[in-house]
Amino acid sequence: MASSLTKDSPSSGEKTFFGHPRGLATLFMTEMWERFSYYGMRALLPLYLIAPGGLDMDAGTATAIYSVYLSLVYLLAMPGGWFGDRVWGPRKTVAIAGGVIMLGHLTLALPSEGTFFAGLGLVAIGSGLLKSNISTMVGHLYDGPEDPRRDGGFTIFYMGINMGAFAAPLVIGTVGENVNWHLGFALAALGMGLGVVQFLIGTRHLNERSLVVPKPLSKDERAATLRKSMIWLGVAAVFYIGTVVTGVYTLNWLLVPITIAGLVIPVMVLTRIKRDKELSAAEQSKMTGYIWFFVAAAIFWMIYDQGGSTLSIFAESSAENSVFGWDFPVSWYQSVNPVLIMALAPVFAAFWLALNRRGKEPSTIVKFSSGLVLVGASFFVFLMPLTIAGDGHKAAAMWLVAIYFIQTVAELTLSPVGLSVTTKMAPEKYASQMMGVWFLAVTAGDCTTGLLSLAGVGLNGTGVVALEATLAVAAGIAIFMYRGKVKQLMGDVR
């Protein structure tokens, strides 16, 4: 599968993948199939939860489950990276992760509520294991950070993400909505299975460093880690068995602790880093500045990720899901963002480069604040279809497309900048952990959404949508107004 995308290198005669190491083809296809399975299931998830033929839940509970699931995927990226660094090595971790994800989707395909939630847990665990380690292996293909092909390699790799994300709702969403929900989940398992098979076949093209465990646990560390894990697992098992036996267990006993943990853990991690006395004064200052970006990013993802829950549930009940009289499945809206990413990302890259050549490229702070204002504006636009639906009419599909378009522009303005500023502002001691810290901003945003849903707040109400939109715009303006102070905290980072 990988070799069909390769061509000869004019200099060495060796096969390459568009001028890059052949291993990039293996990782490209693995990520594409993993994203195909992930985004396909994600597009079906809220619709299945509220469907009479599915779990027939109310919109608030469905949004909470969806948000908690997303938060877990990003929360588990940190321990997933830890496993790659300390236990299995990146290559073995990714292979095991793919198998866990496939098993999770197969479990989702079983027609039972109990197995459904077990399947969600398995997919979240597998995704967390895979997320950090596959990106690490892409870096291993190149001769260090100075390799001129490195940035281009990551660009090609991320195209695989969006190709999988674009195709998934069109295939899995259509089958799930129009044929059978569980067959749709089974297709997600098939996609991940194809990814695992081609990964195992193509591992010979990967760098040998991906087999190495960079910082293996000592015998004492391994025993201590296992002991602590078993203690916590035992405490959780006793607690939940107790709630079931006493008849008090409800789904909230599972959802509420996870949402609270998703808010508390990011605070604990940032506090631990900030209080580390080994950090220099400059690193301490940068971490203080980074907290501004972190909080702003959490607000951004709180709104952005509702594109798959609040907007999708609204489309199911209150939108005219048709174009020129042709009806399409609700899950297809989830293909709008990835196709726009593929179309607009090169335009943005060229635009920033052109401005840079003229000395007019906006600073990191200005880009970040613009992303927040734009994502807030997308929810102000959302007020229009909400008002139309409130009058008893179906809102046109193009209102939702417009919202996704604005959110995509906001994402391209904020997300790459956030990734970049995270690596630039990371203290040397925590260089490898800071990307996990960035993912915790997504966790915090999604857990905020989940907690609001569990508290009975109707996220598709005009008042709440207007409040969220105002919060994002206000945060963007605040960062812009205090850009001098933030820039001072950032030190030499621009």
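These lines cover the structure that appears in this document, whether it is placed above or below. (Residues numbered from 1 in each chain as written. Predicted model: local features only at pLDDT ≥ 70, side-chain atom pairs only at ≥ 80, totals over all residues. Heavy atoms only, no water.)

Here we come to the packing of aromatic side chains. Applying the stated criterion to the full structure yields 31 aromatic pairs. Ring geometry for Phe 17 against Phe 28: centres 5.6 Å apart, planes inclined by 55 degrees, an arrangement best described as tilted. Highlighted residues: Phe 17 in the loop between β2 (15–16) and α1 (23–50) and Phe 28 in helix α1, separated in sequence by 11 residues. A residue is classified by how much of its surface remains accessible, and Phe 17, at 1% relative accessible area, is buried. Among the residues examined, Phe 28 registers a relative accessible area of 6% and is labelled buried. For the pair Tyr 38 and Tyr 39, a centre-to-centre distance of 5.0 Å together with 85 degrees between the ring planes defines the contact as edge-to-face. Per residue, the accessibility class of Tyr 38 equals that of Tyr 39, and both read buried. Through a chain of ring-to-ring contacts, the aromatic side chains of Tyr 48, Phe 116, Phe 117, Trp 181 and Phe 185 assemble into a single cluster. When the ring centre of Tyr 38 is taken as reference, the NZ or CZ atom of Arg 35 above it lies at 4.2 Å. (Phe/Tyr/Trp six-rings, centres within 6.5 Å; stacked < 30°, edge-to-face > 60°. Helix = DSSP H or I, 4+ residues; strand = E, 2+ residues; numbered from the N terminus. Buried < 20%, exposed > 50% of the residue type's maximum accessible area, 1.4 Å probe, protein only. Lys NZ or Arg CZ within 6 Å of the ring centre and 35° of its normal.)

What follows concerns the side chain of Gln 407. Checked against the element boundaries, Gln 407 lands in helix α14 (residues 397–425). Those residues in contact with Gln 407 that sit more than four places away from it in its chain are Ile 303, Tyr 304, Gly 307, Leu 311, Val 375, Ser 378 and Phe 379. (Contact = heavy atoms within 4.5 Å.)

This part covers the nonpolar core. With 124 residues, the main nonpolar core has Tyr 69, Phe 116 and Tyr 290 as its most contacted residues. When residues of this core are assigned to their parent elements, the largest contribution, 17 residues, is made by α1. In terms of nonpolar packing, the next biggest core, distinct from the first, is built from seven residues, Leu 344, Trp 352, Leu 355 and Val 409 among them. (Core = buried A, V, L, I, M, F, W, Y, C linked by side-chain atoms within 4.5 Å.)

Bringing the pattern of salt bridges into the picture now. On inspection of all chains with the given rule, the structure shows five salt bridges. Of the charged contacts in the structure, one is a salt bridge between Glu 34 and Arg 35, with a shortest N-O distance of 2.7 Å. What makes Glu 34 buried here is its relative accessible area of 1%. On the basis of relative accessibility, which here comes to 5%, the residue Arg 35 falls in the buried class. The partner of Asp 276 in a salt bridge is Lys 429, and the shortest N-O contact between them spans 2.7 Å. With a gap of 153 residues between them, Asp 276 in the loop between α9 (252–274) and α10 (281–304) and Lys 429 in the loop between α14 and α15 (434–454) connect regions that are remote in the sequence. Assessed through its relative accessible area of 9%, Asp 276 is described here as buried. When its relative accessible area of 46% is taken as the criterion, Lys 429 is described as partly exposed. (Salt bridge = Lys/Arg side-chain N within 4 Å of Asp/Glu carboxyl O.)

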